[in-house]
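Descriptive analysis of the structure
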Amino acid sequence: MKRIVFKENNIDLEVIKNKLNNDGIIIYPTDTVYGVGASINSLKGLQKIYEAKERNFSSPLIALLSKVEYIEKIAIIDEEKKIIIEKLAGEFWPGALTIILNKKDNVPGIMVSNGETVGVRIPALKLAQDIIESVGGVLPTTSANISGEKTPRSFEELDEKFKERVEVIVDGGKSPLGIESTILDLTKTLPKILREGAIKKETIEKVIGKI
């Protein structure tokens, strides 16, 4: 497969947009770790992520967003959760918090393991935000590694075999945080942390109360 590798100083967002809109997938840096993404409108691209990772379809992707207002493109915001979401977004976005919400019908089943929820996050890295914005502000993403192997926290840590499976790679050096996001499920009556990552439970509780 012919791959295009961009550095931060020569990135062509129009090329990225065209590649992803034509079923390509991309490795790119986020604030937490390196991710692999595909257009939400490309079922073939989404399938290629799973194939590249050698991953079964029971593990959902999350949606990285470039702006807060894009949540409503793909997720349902219940009135009773709206204030909590606004507080969390105000405190932790852009940043390393993934929020699980009920999905809208336009979210492909392959992306969310045919479930009814979707994880959303805004990365605190302008390069990532620009890439996401170039494809419409929503980029289904997961870590850029073969399942079970080490999660890459820099361009140098990317697996050579994995790099051969994508159309576009963006070399952004090291991810600033180097640790996965915290995942918070807001679809149940009480918020629940599914994975504690860069943001600790106590820090979240200071914003929305005991969880």
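Keep in mind the model is a prediction, meaning the values are calculated, not measured.

**Some details on the nonpolar core**
- Counting residues in each nonpolar core, the largest one holds 44 residues, and the members touching the most others are Ile 27, Leu 65, Ile 74, Leu 97, Met 111 and Val 120.
- Broken down by secondary-structure element, the contributors of at least two residues to this core are strand S2 (25–29), strand S3 (34–38), helix H2 (43–53), strand S4 (62–65), helix H3 (71–74), helix H4 (79–92), strand S6 (97–103) and strand S7 (117–121).
- Those residues in contact with Val 120 that lie beyond four places of it in its chain are Ala 63, Leu 65, Ile 74, Trp 93, Leu 97, Thr 98, Ile 99 and Leu 101.

**Details of the packing of aromatic side chains**
- Summed over all chains, the structure comprises one aromatic pair.
- Between Tyr 50 and Phe 57 the ring centres are 4.6 Å apart and the planes differ by 40°, which places this aromatic pair in the tilted class.
- For Tyr 50, a relative accessible area of 1% corresponds to the buried category.
- One residue, Lys 73, lies across the ring of Tyr 70, its end atom 4.3 Å from the ring centre.

**Some details on the pattern of salt bridges**
- One pass over the full model with this rule turns up eleven salt bridges.
- Among the salt bridges present, the one from Lys 67 reaches Glu 133, with a minimum N-O distance of 4.0 Å. One end of the pair, Lys 67, is in the loop between S4 and H3; the other, Glu 133, is in helix H5 (residues 126–134), with 66 residues separating them in the sequence.

**As for the pairing of strand S10 (residues 182–185)**
- In S10, alternate side chains face the same way, and those of Thr 182 and Leu 184 on one face and Ile 183 and Asp 185 on the other are all buried.
- One ladder, built from four bridges, connects S6 with S10; its direction is parallel. Looking across to S10, one finds that Ile 99 is bridged to Leu 184.
- As defined by bridge partners, S10 adjoins strand S11 (residues 192–195) across three bridges and the pair is classed as antiparallel. Opposite Asp 185, over in S11, you have Lys 192 as the bridge partner.
- The hairpin formed by S10 and S11 contains six residues between the paired strands.

**Side note on H4**
- Taking 1.5 Å as the rise per residue, H4 with 14 residues should run 20 Å; its terminal C-alpha atoms sit 20 Å apart, in good agreement.
- Among all positions of H4, only Lys 81, Ile 85, Leu 88, Ala 89 and Phe 92 are buried. The buried residues of H4 all sit within an arc of 100° when viewed along its axis, so they share a single face. Away from its buried face by more than 90 degrees, H4 exposes Glu 79, Ile 83, Gly 90 and Glu 91.
- Each element contacted by the buried residues of H4 is listed here: H3, S6, S10 and helix H7 (201–208).

**Remarks on the side chain of Ser 175**
- Counting through the fold element by element, Ser 175 comes out in the loop between strand S9 (168–171) and S10.
- Assessed through its relative accessible area of 7%, Ser 175 is described here as buried.
- Separated by 3.1 Å, the side chain of Ser 175 and the backbone oxygen of Thr 30 make a polar contact.
- Filtering out sequence-adjacent residues up to four positions away, Ser 175 remains in contact with Thr 30, Asp 31, Thr 32, Val 33, Tyr 34, Arg 153 and Ser 154.

**So, unusual backbone geometry**
- Of note, the bond from Trp 93 into Pro 94 is cis; its omega dihedral lies within 30 degrees of zero at -5°.
- Turning to its location among the elements, Pro 94 is positioned in the loop between H4 and S6.
- Here Glu 54, not a glycine, exhibits a phi torsion of approximately 55°, which is positive.
- With respect to the helices, strands and loops of the structure, Glu 54 is situated in the loop between H2 and S4.
- In this structure, Asn 114 is a non-glycine residue whose phi angle is positive, near 60°.
- Along the chain, Asn 114 falls in the loop between S6 and S7.

About the criteria used
Residues numbered from 1 in each chain as written. Predicted model: local features only at pLDDT ≥ 70, side-chain atom pairs only at ≥ 80, totals over all residues. Heavy atoms only, no water. Core = buried A, V, L, I, M, F, W, Y, C linked by side-chain atoms within 4.5 Å. Buried < 20%, exposed > 50% of the residue type's maximum accessible area, 1.4 Å probe, protein only. Helix = DSSP H or I, 4+ residues; strand = E, 2+ residues; numbered from the N terminus. Contact = heavy atoms within 4.5 Å. Phe/Tyr/Trp six-rings, centres within 6.5 Å; stacked < 30°, edge-to-face > 60°. Lys NZ or Arg CZ within 6 Å of the ring centre and 35° of its normal. Salt bridge = Lys/Arg side-chain N within 4 Å of Asp/Glu carboxyl O. Pairing = 2+ DSSP bridges. Expected span 1.5 Å × (residues − 1). Arc of directions from axis to C-beta. Polar contact = N/O pair within 3.5 Å; in protein donor to acceptor, adjacent residues only side chain to side chain.

Everything listed here is a matter of geometry and, on its own, says nothing about what the molecule does.
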